[in-house]
Amino acid sequence: MNNPEVVIIGGGPAGLTAAYELAKKNITSITLEKSSQVGGISRTETYKGYRFDIGGHRFFTKVSEVQQLWHEVLASDMIKVPRLSRIYYDSKFFSYPLEPYNALSNLGLRNSALILASYCKTKLFPHPVEDNLEQWVTNRFGRRLYRIFFKTYTEKVWGIECDKIQADWAAQRIKGLSLKKAVLNALFKVNNTKTLIKEFEYPRLGPGMMWERFQDILNEQGNTVHLDTAVLRLDREGKRITNVVTGSGDRITQHTAKDFVSSMPITQLVQRLNPQPPDHILQAAKNLKYRDFLIVPLIIDQPNLFPDNWIYIHSPHFRVGRIQNFKNWSPEMVPDPQKTCVGMEYFCSEGDELWEKSEAELIELASREIVGLGLVDSLDQIKDGTTIRQHKAYPVYDGEYRQNLQVLQDYLKTFENLQTIGRNGMHRYNNQDHSMLTAILAAKNIAGENHDLWNVNVERSYHEDFTKEQWKSKKEQGAISPEAAQLSQREISLEKVRD
Ligand SMILES: Cc1cc2nc3c(=O)[nH]c(=O)nc-3n(C[C@H](O)[C@H](O)[C@H](O)COP(=O)(O)OP(=O)(O)OC[C@H]3O[C@@H](n4cnc5c(N)ncnc54)[C@H](O)[C@@H]3O)c2cc1C
């Protein structure tokens, strides 16, 4: 398209949703994607016919607009998957979400009594301030339970101690929960065997299938998605973007449009503006941090390895953080039914010792660990493996992120024709539904509406303590999907702390 009305940066869930929604409004666009496939962090990778996600991507949301879009695009290719996941800690497997009888028998009476005592002690002498994650969780669950079920896993994910993580990360995700409420919920919960916790949706060929279908539809419409096309520069005149400059191999191209929507990392967006923004803006961008991630898929010569979709590894003796069993997400992820493909997930930071390991070293580590965990009998059963690295998998919520993000947000808000959307686009530790909702609203803004994307908070709709009347009216308005409406808010909140 010679003169698209809108240029979209990034062909992940956010960028593609923006293009798709604009097309519905007869607004033309092109999408510029730097990598050779669409889907961003929600893509599906393939190795010798084995398919795997970057992590495992459940499709669940309370936002009915988003859910309708998934069904509109993939229809019967969306499957319902029964969910089983457990926590491995102290050589035992705990059901997750926690089930009181299973937890009690694994912990033993003595340990359970100590957990209760530690909880009572915290209730009597709580942390007077709740600035960091450790204080926040300990005040709600007691110190002992915090150490078993939060500390080790969270520190593996973030690579920093829990007392360096902002409390609002937990407050955003697990608001309204405490040990008392969790136990009451587990003991007396309504029959929810068909809720989003026990079952989730998933494209039968992995999440990438969704985004490849978006790509096909857009290309057919002439709203082309350009792969291997990285945005190198955004030229501006004052607070208006005039064009972006892309590099694709040796080719440098200039793309002009009326409006620009960006889902590339906000830090890079700011640094690629031309002329450059003032120094304090650049400094705020440099101060924002990310956590990286790598997955080591291993092909195992066993038809059925374990029944879980994934297992969290809390034991500090193992470096792996989570293990996915992609065959249990969809049988079509594995080409040979006699084999299993597991994804060993390692949280790391670019340049650290894990990140710098060679592929052979990572496969060796992952193989040793899965045998050490007792999930595979012997190394001989591991037939092959590969490695996928993901830069900027997680935006970090450290002590300074809020001030730095506010500086960028205030600056970018002054632009007349530039909107930022999505996970790294807004430095939000989000799921696909948040990225998609910001994209839908960005498209609406271009069509003349007026939404503040920085105020979009799909988490809040999970956690807000609605009154019964508010909840009823939201359901009636169709603002909450029917599946999600069945789910108690607390179940979802505990869920979201681990994605
Ligand atoms: C381990 C893990 C597990 C997850 N599990 C779930 C889950 O179960 N359910 C769920 O809903 N969500 C999950 N998520 C979150 C989900 O992956 C993200 O919410 C989603 O991918 C964000 O979409 P996005 O389009 O905003 O960003 P991204 O997916 O990051 O896409 C941004 C795109 O922009 C491109 N880009 C960047 N820079 C440039 C440039 N200069 N020029 C052109 N293109 C550029 C990138 O290549 C990328 O394709 C998980 C995330 C992780 C890390």
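Residues numbered from 1 in each chain as written. Predicted model: local features only at pLDDT ≥ 70, side-chain atom pairs only at ≥ 80, totals over all residues. Heavy atoms only, no water.

Novice: Would you mind showing me how to read the overall build of the protein here?
Specialist: Counting its secondary structure elements, the protein contains 18 helices and 21 strands. Residues classed as buried in the protein amount to 58% of the 499 residues present. For the protein, the proportion of contacts with a sequence separation of at least 24, taken over those separated by at least 6, is 73%. For the protein, the exposed area adds up to about 20900 Å²; of that, 50% sits on carbon and sulfur atoms. (Helix = DSSP H or I, 4+ residues; strand = E, 2+ residues; numbered from the N terminus. Buried < 20%, exposed > 50% of the residue type's maximum accessible area, 1.4 Å probe, protein only. Contact = heavy atoms within 4.5 Å. Areas by Shrake-Rupley, 256 points an atom, 1.4 Å probe, with all protein chains shown as cover.)

Novice: Would you mind going over the confidence of the model for the protein with me for this structure?
Specialist: When pLDDT is low, close inspection of the predicted coordinates is not appropriate. In this model, the protein carries an average pLDDT of 88, and 85% of its residues clear a pLDDT of 70 or more. Within the model, pLDDT remains below 50 along residues 190-196, and this stretch shows 13 contacts once partners closer than five positions in the same chain are excluded. (pLDDT = per-residue confidence, 0-100.)

Novice: How should the environment of alanine 103 be read in this particular structure?
Specialist: Secondary-structure assignment places alanine 103 in helix α3 (residues 100-124). Between the C-alpha atom of alanine 103 and that of lysine 92, which follows or precedes it by eleven residues, the distance is 10.0 Å.

Novice: Looking at this structure, I do not really get helix α14 (residues 432-446). What am I missing?
Specialist: Given 3.6 residues per turn, any residue in an α-helix points the same way as the ones three and four places further on. The end-to-end C-alpha distance of α14, which contains 15 residues, comes to 21 Å, matching closely the 21 Å that a straight helix rising 1.5 Å per residue would cover. Within α14, 15 of the 15 residues are buried, which leaves it mostly tucked inside the rest of the structure. (Expected span 1.5 Å × (residues − 1).)

Novice: In this structure, what is going on with the packing of helix α2 (residues 64-74) against helix α8 (residues 207-221)? I would like to understand it.
Specialist: The packing of two helices is summarised by the inter-axis angle and the distance between the axes. Where α2 meets α8, the axes come as close as 10 Å, and the angle between the chain directions of the two elements is 70°. In terms of axis orientation, α2 runs roughly perpendicular to α8. For the pair α2 and α8, the sense of crossing is left-handed. The residues of α8 that touch α2, namely those facing Leu69, Trp70, Val73 and Leu74, are Met209, Met210, Arg213, Phe214 and Ile217. The class makeup of the residues in the contact of α2 with α8 is eight nonpolar, no polar and one charged. (Axes fitted to C-alpha atoms, helices over the stretch in contact; angles between N-to-C directions. Parallel < 35°, antiparallel > 145°, perpendicular 65-115°, else oblique. Left-handed = near helix turned anticlockwise from the far one by under 90°. Nonpolar A, V, L, I, M, F, W, Y, C, P; charged D, E, K, R; others polar.)

Novice: How should the sheet that holds strand β10 (residues 230-237) be read in this particular structure?
Specialist: Strand pairing in a sheet relies on backbone hydrogen bonds. The paired strands run either parallel or antiparallel. In space, the four strands of this open sheet follow the order β12-β11-β10-β14, with mixed pairing throughout. Edge strands, defined here as strands with exactly one partner in the open sheet, are β12 (251-256) and β14 (273-274). Pairing geometry for strand β11 (residues 240-248) and β12, over six bridges, is antiparallel. By the bridge assignment for β12, glycine 247 is matched with isoleucine 252. (Pairing = 2+ DSSP bridges.)

Novice: Please explain the sheet that holds strand β9 (residues 225-226) as it appears in this structure.
Specialist: Reading across the sheet, the five strands line up as β9-β2-β1-β13-β21 and stay open at both edges, with parallel pairing between neighbours. The open sheet is flanked by β9 and β21 (418-420), the only strands paired with a single partner. Both strand β13 (residues 259-262) and β21 contribute to a ladder of three bridges, which runs parallel. Opposite phenylalanine 260, over in β21, you have leucine 418 as the bridge partner.

Novice: Just to check I follow, could you spell out the site of the ligand for this structure?
Specialist: Taken together, 34 residues are adjacent to the ligand, and Glu33, Ser42, His57, Arg58 and Ser435 come closest. At 2.7 Å, a side-chain N or O of histidine 57 approaches an oxygen atom of the ligand. Its free accessible area being 1000 Å², the ligand has 96% of it covered by the protein chains. When contributions to the shell around the ligand are tallied by element, the ones reaching two or more residues are α1 (13-24), β10, β20 (388-395) and α14. Residues belonging to the shell around the ligand are distributed by class as follows: 13 nonpolar, 15 polar and six charged. Each of domain 1 (6-41 + 60-74 + 205-287 + 399-455) and domain 3 (290-395) accounts for three or more of the residues forming the shell around the ligand. (Near = heavy atom within 4 Å. Polar contact = N/O pair within 3.5 Å; in protein donor to acceptor, adjacent residues only side chain to side chain. Domains from an automatic or database assignment.)

Novice: Could you clarify how one ought to interpret helix α5 (residues 143-158) in this entry?
Specialist: The end-to-end C-alpha distance of α5 is 20 Å, clearly below the 22 Å that 16 residues give at a rise of 1.5 Å each. The largest bend in α5 comes to about 40°, at phenylalanine 150. Glycine 159 sits one or two positions beyond α5 and adopts a positive phi of about 70°. (Bend = angle between axes of the 7 residues up to and from the residue.)

Novice: Looking at this model, I keep getting lost on the pairing of strand β2 (residues 29-32). Mind explaining?
Specialist: Successive side chains on a regular strand alternate, one facing one side of the sheet and the next facing the other. Burial along β2 is two-sided: the face carrying Ser29 and Thr31 and the face carrying Ile30 and Leu32 are both buried. Alignment of strand β1 (residues 6-9) against β2, held across four bridges, turns out to be parallel. When the sheet's bridge partners are listed, isoleucine 9 is paired in β2 with leucine 32. Handedness of the crossover joining β1 and β2 through α1: right-handed. Where β2 and β9 come together, two bridges link them in parallel fashion. From the neighbouring strand, threonine 31 faces β9, where its bridge partner is valine 225. (Right-handed = clockwise from strand over helix to strand, strands pointing away.)

Novice: Hey, could you run me through the side chain of glutamate 33 in this one?
Specialist: Locating glutamate 33 in the fold gives a position in the loop between β2 and β3 (44-47). Despite being buried, glutamate 33 has no salt bridge partner; lysine 34 is the closest side chain of opposite charge, sitting 6.9 Å away. Ignoring anything within four residues of it in the chain, the contact list for glutamate 33 reads Gly10, Gly11, Gly12, His226, Leu227, Asp228 and Thr229. (Lys, Arg positive; Asp, Glu negative; His and termini not counted. Salt bridge = Lys/Arg side-chain N within 4 Å of Asp/Glu carboxyl O.)

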